[in-house]
Amino acid sequence: MAVEGGLALRAVWDGRAVQRVEIRSGRPLEASRLLRGMTPQQAVDTVPMLFSLCGRAQTVAALLATEAARGETPGEPALHARKLLVGAEIAQEYLWRLLVDWPELLGQQAQWPLLAEARRRLGEVSARLLAGGEWKRADGSPPSAAEPGVRGGYLEALLERHVLGIAPPAWAEIADRAGLARWAGGADAAAARCCARLLDGEGDFGRSPVGFTPLADEEWLMMIAVEMGKTPGYPARPAWRGRPLETGALARTLRVPLVADLHARSGNSVLTRFAARVVELVSLVAGRERSAGRLGALAPAPGCGLGWVETARGLLLHRVEIEGGRVLRYAVLAPTEWNFHPDGALAQGAREIRAGDPGEVRRRLSFLVQALDPCVSWEMEVCRA
Amino acid sequence: MCLAIPARVERLVEPESAVVDMGGVRKEISLALVDGVREGDYVIVHVGYALSRLDPEEAEGTLRLFAELAREGAA
């Protein structure tokens, strides 16, 4: 049953540089077909059974879309609980990247036990929020009992001791590349060690002129919702004015001083994307005004709803049409479809890879894939031009 | 996007890995992120790691959905 999907990357290399990367996607876009004919409630209950990695974000997007289609507006307590659920999921994902994936790619020690403990604790927070039920109800009291979950002492201590090597509020003061280099050179913790290597030339590639998805721009979202409804296959190959866009932590943090400085100096490089993710993790844990985990809904037409969630990997959209109390059409546009578009940020950024042997092509391409973080498994082959 | 296909744990290999059956395909996966997995349990797997454990009823419901999807895809 090959329905789980994945990405096949084929790098064409001329002996010195990557000429192009061909991306074949076996992603199961049509899983949302299963939702047709269900009641909105059945659809919302089925979504988490289908999608594993960002199951909370998927469920919340489904809920937002179906509510909007029925003309319902969730209250603040429900929205607050949903943001906490999505925030806990994003923190789990970012910790996985920073404690395990990046260290492994850079030949450093992966911190599996720390990640397992963090996932267990964040999982408990989510379980409490889910059991409370506020997230589903349009009314209800704020989920104050679970509030400290995403913030709270445990995560701050984890970041300070093992991820950043300094207190999160002190890290949040870093405003430019020089400050980042001082931190990375001086702190002894997972993200600092990885960042030092990326600053040392390892992360200085992967740039492209690909634009970014805007953050919480309702007018733009409305236009995307229209495209999703009228253009068959649009969710598999999304574009804006004919071009793909990049989505994710970098797209959301371009105005944060540190990210703005890195972006001005080295574009949307692997390093800039890495730093953007650390910025968002620190904001999540500090409970600051944040970009990751923002969410909302629109009703492009009567009986039609769009739910949007800024997930760990970028913008996730669910669009539903309801007729006679049943789902008539359902479409999901996942962030991976933007970033791994055949001419998107990965494909264009890979053309900056200079490498003298196939092993180096693989290593560099792995960095870029990791920086853009697909939500499905992937494999690559390198072939000579 | 990521589909949550349940895999049945056939046997434990070491304390932290297991052989699972994913729709007829056997695969070795890591159990580093999930505690207390036993033979016969269902787990959700992503890129070679078990992410969570499912109760058997939930797993069977999900497997039925994917079987439906696979049939539709083949049709």
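Here goes a summary of the coordinates provided. Fair warning: this is a prediction, and the values are worked out from it, not measured in the lab. (Residues numbered from 1 in each chain as written. Chains lettered and ligands numbered in written order. Predicted model: local features only at pLDDT ≥ 70, side-chain atom pairs only at ≥ 80, totals over all residues. Heavy atoms only, no water.)

**Structural notes on the overall build of chain A**
Scanning chain A from terminus to terminus reveals 15 helices and nine strands. Taking 385 residues into account, the globule formula puts the C-alpha radius of gyration at 21 Å, and chain A, at 20 Å, falls close to it. Principal-axis analysis of the C-alpha atoms places the extent of chain A at approximately 60 × 50 × 40 Å. If you take every contact in chain A between residues at least 6 apart in sequence, the share linking residues at least 24 apart comes to 68%. When the accessible surface of chain A is split by element, carbon and sulfur atoms take 48% of a total near 14700 Å². Distance between charge centroids for chain A: 3 Å, based on 47 positive and 44 negative side chains. (Helix = DSSP H or I, 4+ residues; strand = E, 2+ residues; numbered from the N terminus. Rg over C-alpha atoms; globule rule 2.2 N^0.38 Å. Contact = heavy atoms within 4.5 Å. Areas by Shrake-Rupley, 256 points an atom, 1.4 Å probe, with all protein chains shown as cover. Lys, Arg positive; Asp, Glu negative; His and termini not counted. Charge placed at Lys NZ, Arg CZ, Asp CG, Glu CD.)

**Describing the side chain of Glu67(A)**
Residues and elements named next belong to chain A. With respect to the helices, strands and loops of the structure, Glu67 is situated in helix 2 (residues 55–69). What makes Glu67 buried here is its relative accessible area of 4%. With residues near it in sequence (within four places) discarded, Glu67 still touches Glu72, Pro74, Arg82 and Lys136. (Buried < 20%, exposed > 50% of the residue type's maximum accessible area, 1.4 Å probe, protein only.)

**Thoughts on the sheet that holds strand 8 (residues 326–333) of chain A**
Residue and element names in this part refer to chain A. Taking strand neighbours across the sheet as the criterion, the four strands line up as 5-6-7-8 in an open arrangement whose pairing is antiparallel. Only two strands of the sheet have a single neighbouring strand rather than two, namely strand 5 (295–301) and strand 8. Sheet twist, expressed as the average angle between the axes of neighbouring strands with direction ignored, equals 20°. Pairing of strand 7 (residues 314–323) with strand 8, which is carried by seven bridges, proceeds in the antiparallel orientation. Bridging across to strand 8, Glu321 finds its partner in Arg329. Seen against the sheet, helix 2 touches strand 5, strand 6 (304–311), strand 7 and strand 8 and runs at an angle of roughly 155° to strand 6. (Pairing = 2+ DSSP bridges. Axes fitted to C-alpha atoms, helices over the stretch in contact; angles between N-to-C directions.)

**Points about empty space enclosed by the protein**
All names here are of chain A. Tallied over the entire structure, the rule returns three cavities of 30 Å³ or more. Taken as a whole, the largest cavity spans an internal volume of roughly 90 Å³. Lining the largest cavity are 13 residues, with Thr247, Gly248, Ala249, Arg277 and Ala371 sitting closest to its centre. Class assignment of the residues belonging to the lining of the largest cavity gives a composition of five nonpolar, three polar and five charged. (1 Å grid on protein atoms, 1.4 Å probe; cavity = no way out; pocket = protein on both sides within 12 Å on 5 of 7 lines; lining within 4 Å. Points joined across faces, edges and corners; volume = space filled by probe spheres on them. Nonpolar A, V, L, I, M, F, W, Y, C, P; charged D, E, K, R; others polar.)

**Topic: the nonpolar core**
All names here are of chain A. Core analysis: the biggest nonpolar cluster contains 132 residues, and Leu95, Trp171, Leu180, Trp183 and Leu346 have the highest contact counts within it. It is helix 3 (residues 76–105) that provides the largest number of residues to this core, a total of 15 residues. Sequence-distant contacts of Trp183, defined by excluding residues within four places in its chain, comprise Val163, Leu164, Ile166, Trp171, Ile174, Ala191, Ala192 and Cys195. Ranked by size, the runner-up nonpolar core spans 16 residues in total, among them Ala225, Trp240, Leu298 and Leu333. (Core = buried A, V, L, I, M, F, W, Y, C linked by side-chain atoms within 4.5 Å.)

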